[in-house]
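A look at the structure
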Amino acid sequence: DALRIERAHIVGVSMGGMIAQLIGLSAPARVRSLTLIMTSPGGRGLPGPTGKVRAALMTRPPGFRYADDPPGQRLRPDSRDVPALVEHGVRLWRLIGSPGYRESDDELRARLQRAVTRAWRPQGTARQLVAIMAAPARREALAGLRVPTQVIHGLEDPLVPIEHGRALAAAIPGAQSHEIPGMGHDLPDGL
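Described in the following lines is the structure provided in the data block. (Residues numbered from 1 in each chain as written. Predicted model: local features only at pLDDT ≥ 70, side-chain atom pairs only at ≥ 80, totals over all residues. Heavy atoms only, no water.)

Looking now at unusual backbone geometry. Glycine aside, residues mostly have negative phi, and peptide bonds are mostly found in the trans state. The phi dihedral of S14 is positive, around 60°, even though this residue is not glycine. Turning to its location among the elements, S14 is positioned in the loop between β1 (8-13) and α1 (15-26). With a relative accessible area of 17%, S14 lands in the buried category. Positive phi values are uncommon outside glycine, yet M38 reaches one of about 40°. Note on placement: M38 falls in the loop between β2 (31-37) and α2 (51-57). With relative accessibility at 2%, the residue M38 sits in the buried group. (Helix = DSSP H or I, 4+ residues; strand = E, 2+ residues; numbered from the N terminus. Buried < 20%, exposed > 50% of the residue type's maximum accessible area, 1.4 Å probe, protein only.)

Structure representation (structure tokens):
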């Protein structure tokens, strides 16, 4: 209401796709279409991230301590932290990124450096993971959704495996499914 948008095309990626599903379920008359990218309907019976990805998500950058950070304060690394944070990010993105659409090491490092210096919030990332794990399954509710929907998912996604995209497309009547060879859990320029 605040934006005065009566009906919108909603696009959600990863956790944003989970949020987009909730929007479609709670306000279907306000949604023209849904595009759900590398996301999940949640629930039991779907595979989790690979072991390597799970371990990488739980690993801190070498030598980096969070205990000294004041609670609630926006965390900003100083210049000596940035290279360690960037390299930590490179290791993670090499695990979850699209093997068929690799960006160069220099491009990846430059993008991650911009991201780290703009806003690095490990507490926010932790809250995001908890929210995903605590979210209720949506499969049954999605069966009643009558919004044009397309589901886009990479065949090489080690964070949210393809089975999630397939379950999501199967749960929504009339959903179109697009499985992308070579795509992992990112949005590479080539796609």
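Another aspect to go through is the pairing of strand β4 (residues 176-180). Bridging between strand β3 (residues 149-154) and β4 involves five bridges; their strand directions are parallel. Bridge pairing links I152 to H178 in β4. Handedness of the β-α-β unit built from β3, helix α7 (residues 162-171) and β4 comes out right-handed. (Pairing = 2+ DSSP bridges. Right-handed = clockwise from strand over helix to strand, strands pointing away.)

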